[in-house]
Amino acid sequence: MIADIKLDDHDLRRFLKVRGIDAELVYPGVPTPTVAAAARAVGVGEAAIVKSLVFLADGVPTLVVAAGQARIEMRRLAEAVTLSRRRLRFASPDQAHAITGFEVGAMPPFGHRQQLPTLVDRLSLAAEGIVFAGGGSRQALLKLSIETLIAATSGSWHPLTQGGHG
C-alpha cells in the first residue's frame, strides 16, 4: 500500500532536482524535531523556522505553512477555506504521514505524495527572506526563500494566526 511507504530527505532531494527548485537541504549534525531545536541548530531566530501542518477541510487534505511558534486560529483557517469550523480538523500524525509520506517533525512544505492545496500564513511569515522548513528527516532542514516556498507549493497568502512572529 502506498500509504505505508515512508519518504525522506533523499526523496526530497530528488524532488528539488527534478523540479529545479532553488532550495538547499542542510544537515546541522543534530536532530531538529522542534522549532527551538531547529533554530539553535542553524543559528537563526525561531521566526525563521516554518512548520507544515496538515488539516482536513471537509475531508480534503490541506497544507498550512506558518512560522514555527505561531498558533493557527481555526476560525481564520475555516474562513480561508470557506467552510464552517465544524468541517475542519487537524490531521493526526498517522494521517499526516499517510497523506504526505513524511513524518511530523520533518515534513517539508512540498514533495509530498500528492500536491496539496497550500495556505501560507501572512501574519507570522514575512513576504520575503530565507526560512528553514522540515527537510524530510529529523536530521535535515530545507533552506529556501519565501518566494520559492510560495512558487513551489502554488501557495496562497491568508491571515491564519493572531499575527506577529513567535
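In case you missed it, the structure is sitting above this.
Residues numbered from 1 in each chain as written. Predicted model: local features only at pLDDT ≥ 70, side-chain atom pairs only at ≥ 80, totals over all residues. Heavy atoms only, no water.

### Some words on the packing of aromatic side chains
Our working definition: Put simply, two rings from Phe, Tyr or Trp (the six-membered ring, in Trp's case) pair if the centres are within 6.5 Å, and we call them stacked under 30 degrees between planes, edge-to-face over 60, tilted for the rest. Strands are runs of DSSP state E lasting at least two residues, helices are runs of H or I lasting at least four, and both sets are numbered from the N terminus onward. Burial here depends on accessible area, computed with a 1.4 Å probe over protein chains only, as a share of the maximum for the residue type. Under 20% is buried, over 50% is exposed, and the range in between is partly exposed.
In total, this model carries two aromatic pairs according to the counting rule given. An angle of 25 degrees between the planes, with centres 5.8 Å apart, marks the rings of Phe 15 and Phe 110 as stacked. Here Phe 15, found in helix 1 (residues 9-19), pairs with Phe 110, found in the loop between helix 4 (93-100) and strand 5 (118-121); they are 95 residues apart in sequence, far enough to count as distant. Accessibility assignment for this pair places Phe 15 and Phe 110 in one class, buried.

### Brief notes about the pattern of salt bridges
Stated precisely, the cut-off is as follows: A pairing counts as a salt bridge when a side-chain nitrogen of Lys or Arg comes within 4 Å of a carboxyl oxygen of Asp or Glu.
Tallied over the full model, the rule gives six salt bridges. Two residues, Arg 87 and Asp 58, come together in a salt bridge whose shortest N-O distance is 2.4 Å. Pair noted here: Arg 87 is in the loop between helix 3 (74-80) and strand 4 (88-90) and Asp 58 is in the loop between strand 2 (50-57) and strand 3 (60-67), with a separation of 29 residues, a long-range link. Judged by relative accessible area, which is 42%, Asp 58 ranks as partly exposed. Among the ionic pairs, Arg 76 bridges to Glu 73, the shortest N-O distance being 3.1 Å. For Arg 76, a relative accessible area of 23% corresponds to the partly exposed category. It is possible to trace a salt-bridge network through shared partners that takes in Glu 73, Arg 75, Arg 76 and Glu 79.

### Here's the deal with the sheet that holds strand 1 (residues 23-26)
Quick reminder of the rule: We call two strands paired when DSSP finds no fewer than two bridges between them. Axis geometry follows a simple rule: fit a line to the C-alpha atoms, using only the stretch in contact for helices, then measure angles between N-to-C directions, giving values from 0 to 180 degrees. Residue contacts are counted whenever heavy atoms from the two residues lie within 4.5 Å of one another.
Taken in spatial order, the three strands of this open sheet run 1-7-6, and their pairing is antiparallel. The open sheet terminates on both sides in strands that have one partner only, identified here as strand 1 and strand 6 (130-134). Each adjacent strand pair in this sheet contributes to an overall mean axis angle of 30 degrees, direction not counted. In terms of strand pairing, strand 6 meets strand 7 (residues 141-145) through five bridges, oriented antiparallel. Pairing of Gly 134 across the sheet is with Leu 141, part of strand 7. Most of the contacts of helix 1 go to strand 1, to which it runs at about 160 degrees, and overall it touches strand 1, strand 6 and strand 7. Along the sheet, helix 5 (residues 146-153) contacts strand 6 and strand 7; its crossing angle with strand 7, the most-contacted strand, is approximately 100 degrees.

### Some thoughts on the sheet that holds strand 3
Read across the sheet, five strands follow the order 4-2-3-5-8 without closing on themselves; strand pairing throughout is mixed. Each edge of the open sheet carries a strand with a single partner, namely strand 4 and strand 8 (156-158). In this sheet, adjacent strand axes meet at a mean angle of 35 degrees when their direction is disregarded. In the sheet, strand 2 pairs with strand 4 via three bridges, with the strands oriented antiparallel. Across the sheet, residue Phe 55 finds its bridge partner in strand 4, namely Phe 90. Where helix 4 meets the sheet, it contacts strand 2, strand 3 and strand 4, and its direction lies at approximately 95 degrees from that of strand 2. Along the sheet face, helix 5 touches strand 2, strand 3, strand 5 and strand 8 and points at about 160 degrees away from the line of strand 5.

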